[in-house]
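# Analysis of the macromolecular model
Below are the chains, spelled out letter by letter.
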Amino acid sequence: MVGATETFRVGDMAVYPAHGVGKIESIESRRVGELEQSFYIIRIVDSNMTVMIPTTTCSTGGLRNIISPQDVSKVFAILNQRDVETESQPWNQRYREYMNRIKTGSVFEIAAVLRDLLLLREDKELSFGERKMVDTAKSLLIKEIALAKEIEEDQVAQRIEQIFA
């Protein structure tokens with residue numbers, strides 16, 4: 001997690017929870033009421049959406065660096081776990097819980113959600129929302145891992161597919 005003292009520079013890639021990987025396009029000052037405030041202007045890679053995040057609250061807002069190449073092996077270790085207990089709960093409760101975990105922005109939580117949903121899919125059909133969440137979690141992981149390892153997204157996607165084949 002990016003600490004309060006850590007700052008980003010224009011051109012840096014960063015992860016913003018639930019939106020994914022983005023590029024810091026600029027750092028701008030804007031007047032908000034009586035205050036002059038500094039903002040990171042980030043373009044989210046996947047959606048091309050622009051997000052403004054106050055530089056003073058970016059760490060509490062969850063903005064963080066891309067994971068290190070060493071952390072990628074931890075992500076794959078999570079994806080490879082098979083001895084996990086999944087509570088039997090209604091799909092809407094499960095959906096809410098998983099969505100909250102994705103919103104933390106933690107790549108490890110996202111990996112665990114993807115693993116749990118793909119394992120669950122072997123036993124029962126996923127709801128529409130859960131299938132959409134699988135796509136979201138997979139997309140977030142693929143983008144970040146590809147950047148961390150400096151490899152093509154297709155290679156990451158294939159490796160994830162192989163784990164759950």
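A brief structural summary.

Procedures and definitions
- Per chain, residue numbering runs from 1 following the sequence as it is written.
- Where totals are concerned, whole chains, interfaces and linings use all residues; where local detail is concerned, this predicted model gives features only for residues with pLDDT of at least 70, and gives and counts side-chain atom pairs only at 80 or more.
- For side-chain calculations, the full set of non-hydrogen atoms in the structure is used, while hydrogens and water are omitted.
- Segments assigned H or I by DSSP are reported as helices when at least four residues long, segments assigned E as strands when at least two residues long, and all are numbered from the N terminus.
- Per-residue accessibility, obtained with a 1.4 Å probe over protein chains only, is compared with the maximum for each type, and a residue is labelled buried under 20%, exposed over 50%, and partly exposed between these values.
- It only takes one pair of heavy atoms within 4.5 Å for two residues to be counted as in contact.
- Computed by Shrake-Rupley with a 1.4 Å probe, the accessible areas treat only the displayed protein chains as cover when residues are assessed.
- What makes two strands pair is DSSP finding at least two bridges between them.

### Considering the overall build of the chain
Secondary structure summary: the chain contains 5 helices and 5 strands in total. Helices and strands appear in the chain in the N-to-C order β-β-β-β-β-α-α-α-α-α. Expressed as lengths along the three principal axes of its C-alpha atoms, the size of the chain is roughly 55 × 35 × 25 Å. By the burial criterion, 42% of the 165 residues in the chain qualify as buried. Taking the intrachain contacts of the chain between residues at least 6 apart in sequence as the baseline, contacts between residues at least 24 apart amount to 53%. When the accessible area of the chain is evaluated, it comes to approximately 9500 Å², of which 48% is carbon and sulfur surface.

### Points about the sheet that holds strand 2 (residues 20–32)
Strand pairing in a sheet relies on backbone hydrogen bonds. The paired strands run either parallel or antiparallel. As summarised here, the arrangement of the 5 strands in space is 4-3-2-1-5, forming an open sheet in which the pairing is antiparallel. Of all strands in the sheet, those with a lone pairing partner are strand 4 (50–54) and strand 5 (64–65), marking the two edges. With 10 bridges joining them, strand 2 and strand 3 (residues 35–44) adopt antiparallel strand pairing. By the bridge assignment, serine 26 is partnered in strand 3 with isoleucine 41.

Honestly, it's all geometry; don't read function into it.
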